[in-house]
Amino acid sequence: MSAVPNITALWIKNPQGILSSTDAANGIVVQGNKIVELVPTGAVPTTAYTQVFDASKHVITPGLVNTHHHFYQTLTRAWGPAANAPLFPWLQNLYKVWARLTPDALDAAVRVALAELLLSGCTTAADHHYLFPEGMDESIDIEVAAVRDFGMRATLTRGSMTLGEKDGGLPPQSTVQDLDVVLADSQRLIEKYHQSEEGATIQIALAPCSPFSVTTDAMRESAKLAEKYGVRLHTHLAETLDEEEFCLERFGLRPLDYLDSVGWLGPQTWLGHGIHFNADEIQQLGAAGTAVAHCATSNMRLASGIARVLELEAAGVPVGLGVDGSASNDGSNMILEVRQALYLQRLRYGADVPVQRALNWATAGSAKVLGRSDIGKIEVGMQADLAFFTTDELRFSGSHDPIAALLLCGADKADRVMVAGQWRVVDGAIPGLDLPELIHRHTKHAKALVDLDAPVRQYA
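What counts as what
Residues numbered from 1 in each chain as written. Predicted model: local features only at pLDDT ≥ 70, side-chain atom pairs only at ≥ 80, totals over all residues. Heavy atoms only, no water. Pairing = 2+ DSSP bridges. Helix = DSSP H or I, 4+ residues; strand = E, 2+ residues; numbered from the N terminus. Axes fitted to C-alpha atoms, helices over the stretch in contact; angles between N-to-C directions. Parallel < 35°, antiparallel > 145°, perpendicular 65-115°, else oblique. Left-handed = near helix turned anticlockwise from the far one by under 90°. Contact = heavy atoms within 4.5 Å. Nonpolar A, V, L, I, M, F, W, Y, C, P; charged D, E, K, R; others polar. Expected span 1.5 Å × (residues − 1). Buried < 20%, exposed > 50% of the residue type's maximum accessible area, 1.4 Å probe, protein only. Salt bridge = Lys/Arg side-chain N within 4 Å of Asp/Glu carboxyl O. Polar contact = N/O pair within 3.5 Å; in protein donor to acceptor, adjacent residues only side chain to side chain. Phe/Tyr/Trp six-rings, centres within 6.5 Å; stacked < 30°, edge-to-face > 60°. Lys NZ or Arg CZ within 6 Å of the ring centre and 35° of its normal.

**Quick look at the sheet that holds strand β17 (residues 422-425)**
Sheet architecture is open: five strands sit in the order β2-β6-β15-β16-β17, paired in mixed fashion. A strand with exactly one partner marks an edge of an open sheet, and here the two such strands are β2 (17-18) and β17. Summarising the sheet, strand β16 (residues 416-419) and β17 pair through three bridges and their orientation is antiparallel. From the neighbouring strand, Val417 faces β17, where its bridge partner is Val425.

**Examining the packing of helix α3 (residues 139-150) against helix α4 (residues 179-193)**
As a packed pair, α3 and α4 sit with axes 11 Å apart at the nearest point and diverge in direction by 25 degrees. Relative to α4, the element α3 is oriented roughly parallel. With respect to the hand of their crossing, α3 and α4 are arranged in right-handed fashion. Contact residues: Ile140, Asp141, Val144 and Arg148 in α3; Arg188, Leu189, Lys192 and Tyr193 in α4. Taken together, the residues of the contact of α3 with α4 sort by class into four nonpolar, no polar and four charged.

**Quick notes on α3**
The terminal C-alpha atoms of α3, which comprises twelve residues, lie 17 Å apart, in line with the 16 Å expected from a rise of 1.5 Å per residue. Burial within α3 is extensive, with nine of its twelve residues counted as buried. Buried positions along α3 lie against α2 (103-119), β8 (122-129), β9 (153-160), α4, β10 (202-208) and β17. In the stretch just after α3, Gly151 is the one whose phi turns positive, near 70 degrees.

**Thoughts on the pattern of salt bridges**
Inspection of the entire model under this criterion finds 21 salt bridges. Asp385 is the partner of Arg153 in a salt bridge, and the nearest nitrogen-oxygen pair spans 2.7 Å. Of the two residues, Arg153 sits in strand β9 while Asp385 sits in the loop between α12 (355-369) and β15 (386-390), which places them 232 residues apart along the sequence. With relative accessibility at 4%, the residue Asp385 sits in the buried group. Each of Asp141, Arg158, Asp185, Arg188 and Lys192 takes part in salt bridges that share partners, so that together they form one network.

**Concerning the side chain of His70**
The topology assignment puts His70 in the loop between β7 (64-66) and α1 (87-98). Of note is the side chain of His70, whose polar atom sits 2.7 Å from the backbone oxygen of His128. Side-chain polar atoms of His70 contact the side chain of His236, separated by 3.2 Å. Ignoring any residue separated from it by four or fewer positions in sequence, one finds His70 in contact with Asp127, His128, Tyr130, His236, Asp324, Gly325 and Ser326.

**Section: the side chain of Gln345**
Along the polypeptide, Gln345 turns up in helix α11 (residues 334-349). We classify Gln345 as buried; its relative accessible area is 0%. Not counting the four nearest positions on each side in its chain, Gln345 is found in contact with His294, Ile306, Ala307, Val309, Leu310, Gly350, Val353 and Trp361.

**A closer look at the sheet that holds strand β5 (residues 51-54)**
Think of a sheet as strands paired side by side through backbone hydrogen bonds, with each pair either parallel or antiparallel. Across the sheet, four strands lie side by side as β4-β3-β1-β5; this open sheet has mixed pairing. Whereas interior strands pair on both sides, the edge strands pair on one side only; in this sheet they are β4 (34-38) and β5. Between one strand and the next, the sheet's axes are offset by a mean angle of 25 degrees, whatever the strand orientation. With four bridges joining them, strand β3 (residues 27-31) and β4 adopt antiparallel strand pairing. Considered in β4, the bridge of Val30 is made with Ile35.

**Topic: the environment of Cys409**
Assignment of secondary structure puts Cys409 in the loop between α13 (402-408) and β16. Cys409 sits in the partly exposed class, given a relative accessible area of 24%. The spatial distance from the C-alpha of Cys409 to the C-alpha of Thr391 is 9.2 Å, given a sequence separation of 18 residues. The residues touching Cys409, leaving out its near neighbours within four places in the chain, are Arg339, Arg395, Phe396, Ser399 and Ala404.

**Quick notes on the packing of aromatic side chains**
This structure, assessed with the given rule, holds twelve aromatic pairs. Aromatic ring contacts, followed pair by pair, group Tyr72, Trp90, Tyr95, Trp98 and Tyr130 into a single cluster. Over the aromatic face of Phe132 sits the side chain of Arg158, whose NZ or CZ is 3.7 Å from the ring centroid. We note Arg348 situated over the ring of Tyr349; from NZ or CZ to the ring centre the distance is 5.9 Å.

**Overview of the environment of Leu106**
Here Leu106 lies in helix α2. C-alpha separation for the pair Leu106 and Gly331, spaced 225 residues apart in sequence, amounts to 16 Å. Every residue in contact with Leu106, bar those within four places of it in the chain, is listed here: Tyr72, Leu101, His129, Met136, Ser139 and Ile142.

All we've got here are geometric facts, nothing functional implied.
This is the structure in structure tokens:
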């Protein structure tokens, strides 16, 4: 995809609606990669500008931030043998398929996930990649290249599975790695790719997969390595009652107590799902500053339960949203995920959970979950990561509040998306991306992957 020229000074003028905590009714001025001015009602910019974009048909939000995904799983969406199963049987059905992953298939899968996210208004995504069968040593390198091609931001986690079936874990041995290999590659990736500065595009985190797929040593040593390099930690936790039973049987501890015992409970950690915490554990999480990625659609799809998001936030737990893998959500659409999160939390807490609160989970909340203070808000000094939605389709006819309409009327795509001051989606398309060709290549890989009687094949 071709690079888009830098924007030096642009007035994004007169939006139909804007998600901002201060008056920006007459728009935003972007200079370079940052927001430099918010223009209040009836005013004009005080900053000299060279270009104007008429946003009168657009509702503008901060770029959406996805805190939990598995990009490779776009290859196994809606696969029949796993379509009607809860988490553990779902995983056991899919592990044998995922063990056949190839570098070319992963590249196609990552690009499909990124394209779908970007077209839905997402500008930053966290991916939890824990699958490293033979020949997949450079999986995170493949992801880095794709993220850079799309001009997005990503927190790419070097995941791992070190506890296989023969030792009482869930994954097959063909997907398990030795801990020394995991730690050496984790160090390599941090040193090669991790950016800690403001405006970072690639960050690396360490992410042993789950209590039922990694050893205690893997958890402890990953925590030590993360502390040494100042990177974040991520894992699945408290997703299902099966996991809780596993932890009690194997460790004699509930999942959160196990997390604490291996040195993970603290502000450096964010957890995927976080459904089955009791009231005391919610307070413990808040005191530690440990964050939670709420994955509403996936939790509904696998019938895992409903995270206690309002109670988590009340205790001081940072909460963001994640689409989760596209084999338990079967999509990577971030704006639709916000709608699902809103409705699922209303089902638990009542209809007065505000639309704006759900949007905050996907923007400022998600940014905090990933440890970032430079994205997720429309404020002066923030990175110019913005999503632009139109409300001129049939589904919006008769709507009145443009911000509420995004969720209540079901917006499913962005018309424009800006990342670091550069247009990455224009008129609902990604400049330079041959989408039909990508779909064709991805579909070939997906069909080959699930054909378990056929040899693994590479498709360029």
